[in-house]
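Okay, here's what each chain looks like letter by letter:
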Amino acid sequence: MDPQIEETVIEILKNSDMDEMTEFKVRKMAGEKLGFDLSGAQNKQFIRTIVESFLLSQQPPQQSQTKQTLQALEEEDEDDDDDDDDDEKPKVSPKEYDDDGDLIICRLSNKRRVTVQDFKGKTLVSIREYYDKDGKQCPSSKGTYYNVNNFYEIRIG
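- As annotated in an unreviewed UniProt entry, the protein chain is DEK-C domain-containing protein from Kingdonia uniflora.
- Within the UniProt record for the protein chain, the comment given under Sequence similarities (unreviewed entry) is "Belongs to the transcriptional coactivator PC4 family."
- UniProt, in the comment section headed Subcellular location (unreviewed entry), describes the protein chain in these words: "Nucleus".

### Overview of the side chain of Thr 123
Move 1: Assignment of secondary structure puts Thr 123 in strand β4 (residues 122-133).
Move 2: Judged by its relative accessible area of 9%, Thr 123 is buried.
Move 3: A polar atom in the side chain of Thr 123 sits 3.1 Å from the side chain of Asp 118.

### Quick notes on unusual backbone geometry
Move 1: Within the chain, Asp 134 stands out as a residue other than glycine whose phi angle is a positive 55 degrees.
Move 2: Structurally, the position occupied by Asp 134 is in the loop between β4 and β5 (136-147).
Move 3: Judged by its relative accessible area of 75%, Asp 134 falls in the exposed class.

### Description of the sheet that holds β5
Move 1: Across the sheet, five strands lie side by side as β1-β2-β3-β4-β5; this open sheet has antiparallel pairing. Across the chains shown, the open sheet's two edge strands, defined by having one partner strand only, are β1 (96-97) and β5.

What counts, and where the lines are drawn
- Residues numbered from 1 in each chain as written.
- Predicted model: local features only at pLDDT ≥ 70, side-chain atom pairs only at ≥ 80, totals over all residues.
- Heavy atoms only, no water.
- UniProt positions renumbered as here; feature names shortened; annotations may be inferred.
- Helix = DSSP H or I, 4+ residues; strand = E, 2+ residues; numbered from the N terminus.
- Buried < 20%, exposed > 50% of the residue type's maximum accessible area, 1.4 Å probe, protein only.
- Polar contact = N/O pair within 3.5 Å; in protein donor to acceptor, adjacent residues only side chain to side chain.
- Pairing = 2+ DSSP bridges.

In C-alpha cells:
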C-alpha cells in the first residue's frame, strides 16, 4: 500500500498551490482519495518524508549567477551601510541565497536572518544572528534551528 500512498501524495502535491497546502491537508486529501485513515503515527511520518522529498526536489538548482547576484547585493549593502543600525530592515530580493548556498527567507535586521538549509540530509529552518568576518557574514552561536516540519507546526499552530 505504501507505493499507492506515495503516488497519491505526490499527485496531490503536484496539483496544489504550495503556498496554501499543509502537511495535514495533504494527509487528509490522500486519506479521502484512498478511502482510509492516514492519521496514525507511522502514516504521518511516511507522508512527512514524501512531502520533504517533494519540496527538496522542487528547489531550483544553485547557479553561479546566484553567487554573482549575492556579491552584488553585498557590495550594495556595504555602500549603503554607513551606520550599524540593527533596527533598519534591509530589502530582500526573491530567491536570495547566502554564501553557503542557504535560501534566505527573510532578513529580520542587518544582523539577523531566517534561512532554510540542508544539514545531514535534513531540511532545517535557522533563525540566527550573523557577524562580519573578513567582509563576509558568518553565523554566530546566537540563534536556533528547527526541523522544517516543526517550523511549519509552530507557524500553523
